[in-house]
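So you can see what is in the structure, the chains are spelled out below.
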Amino acid sequence: MRAVVQRVRSASVHVADEAVATIGPGLAVLLGVGADDRAEDGERVAAKVLALRIFDDERGRLDRTVKEAGGSVLVVPQFTLYGDVRRGRRPDFTRAAPPELGRRLFDAFCGALRGADAAVAQGRFGADMRIVLEADGPVTLVLSTDSWEEADLGRKA
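Residues numbered from 1 in each chain as written. Predicted model: local features only at pLDDT ≥ 70, side-chain atom pairs only at ≥ 80, totals over all residues. Heavy atoms only, no water.

(A) A look at the nonpolar core. Counting 29 residues, the largest nonpolar core has Val-75, Phe-109 and Leu-113 as the members making the most contacts within it. If you list the elements that add at least two residues to this core, you get strand 1 (2-15), strand 3 (26-32), helix 1 (39-51), strand 6 (72-77), helix 2 (99-115) and strand 8 (129-144). Among the elements that line this core, the one with the most residues is helix 2, at 6 residues. Of all hydrophobic cores here, the second largest spans 11 residues; its members include Ala-11, Val-15, Ala-28 and Met-129. (Core = buried A, V, L, I, M, F, W, Y, C linked by side-chain atoms within 4.5 Å. Buried < 20%, exposed > 50% of the residue type's maximum accessible area, 1.4 Å probe, protein only. Helix = DSSP H or I, 4+ residues; strand = E, 2+ residues; numbered from the N terminus.)

(B) Structural context of the pattern of salt bridges. Applying the stated rule across the entire model yields 10 salt bridges. Put simply, Asp-56 and Arg-7 hold a salt bridge, and the shortest N to O gap is 3.8 Å. With Asp-56 in strand 4 (residues 55-56) and Arg-7 in strand 1, this residue pair connects regions lying 49 residues apart in the sequence. Given a relative accessible area of 36%, Asp-56 falls into the partly exposed group. With a closest N to O distance of 3.3 Å, Asp-136 and Arg-7 form a salt bridge. Of this pair, Asp-136 sits in strand 8 while Arg-7 sits in strand 1, and the two are 129 residues apart along the sequence. Arg-7 sits in the buried class, given a relative accessible area of 5%. One continuous salt-bridge network, built from bridges that share partners, spans Arg-7, Arg-9, Asp-56 and Asp-136. (Salt bridge = Lys/Arg side-chain N within 4 Å of Asp/Glu carboxyl O.)

(C) Representation of helix 1. Taking 1.5 Å per residue, 13 residues should reach 18 Å; helix 1 reaches 18 Å between its end C-alpha atoms and fits that length. Taken together, the buried positions of helix 1 are occupied by Asp-41, Gly-42, Val-45, Ala-46, Val-49 and Leu-50. One face of helix 1 carries all of its buried residues, which in axial projection span an arc of 160°. Buried residues along helix 1 sit in contact with strand 1, strand 3, strand 6, helix 2 and strand 8. (Expected span 1.5 Å × (residues − 1). Arc of directions from axis to C-beta. Contact = heavy atoms within 4.5 Å.)

(D) Focus on the layout of surface pockets. Each pocket or cavity is described by its volume, and for the largest pocket that value is around 340 Å³. Lining the largest pocket are 18 residues; nearest its centre among them are Pro-77, Gln-78, Phe-79, Phe-125 and Gly-126. Secondary-structure elements contributing two or more residues to the lining of the largest pocket are strand 3, helix 2 and strand 8. Of the residues belonging to the lining of the largest pocket, the class tally is 12 nonpolar, 5 polar and 1 charged. (1 Å grid on protein atoms, 1.4 Å probe; cavity = no way out; pocket = protein on both sides within 12 Å on 5 of 7 lines; lining within 4 Å. Points joined across faces, edges and corners; volume = space filled by probe spheres on them. Nonpolar A, V, L, I, M, F, W, Y, C, P; charged D, E, K, R; others polar.)

(E) Layout of the side chain of Thr-145. Structurally, the position occupied by Thr-145 is in the segment after strand 8. The class for Thr-145 is buried, based on a relative accessible area of 6%. For Thr-145, the side chain forms a polar contact with the main-chain nitrogen of Met-1, separated by 2.5 Å. (Polar contact = N/O pair within 3.5 Å; in protein donor to acceptor, adjacent residues only side chain to side chain.)

Here you go:
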């Protein structure tokens with residue numbers, strides 16, 4: 001699973017001319033699901049996203065989580081995070097999850113965030129979306145279960 005996490009002042013997702021999700025201050029998460037991912041991977045990434053201390057405290061230090069800062073999380077499905085461009089000019093998406101698995105794990109990821117009492121808005125899976133965001137900082141992090149130890153993901157080594 002791969003996630004690009006960006007601290008934002010505001011973010012929204014539009015499909016055609018309809019705003020389908022909007023948040024104020026918080027995090028925008030572009031989430032890519034890989035063909036080998038499992039629900040446990042999404043739970044782990046969701047917990048990590050909510051534990052990130054990337055919001056300023058009263059001293060101006062990055063020491064608060066999105067929930068401590070009173071922010072929301074906008075999650076956008078982004079299979080293109082699994083695009084492999086090592087060869088040629090056209091991305092190869094064979095490592096991305098097939099749509100049915102991708103949708104199920106995307107929804108499970110959003111459910112894990114909600115289960116931790118996070119305020120969550122989400123993009124529309126499979127839709128042609130326009131994402132508008134106002135970056136804050138900017139503070140942007142990339143998370144990937146590709147580099148996490150098997151034991152950290154609850155898998156047998």
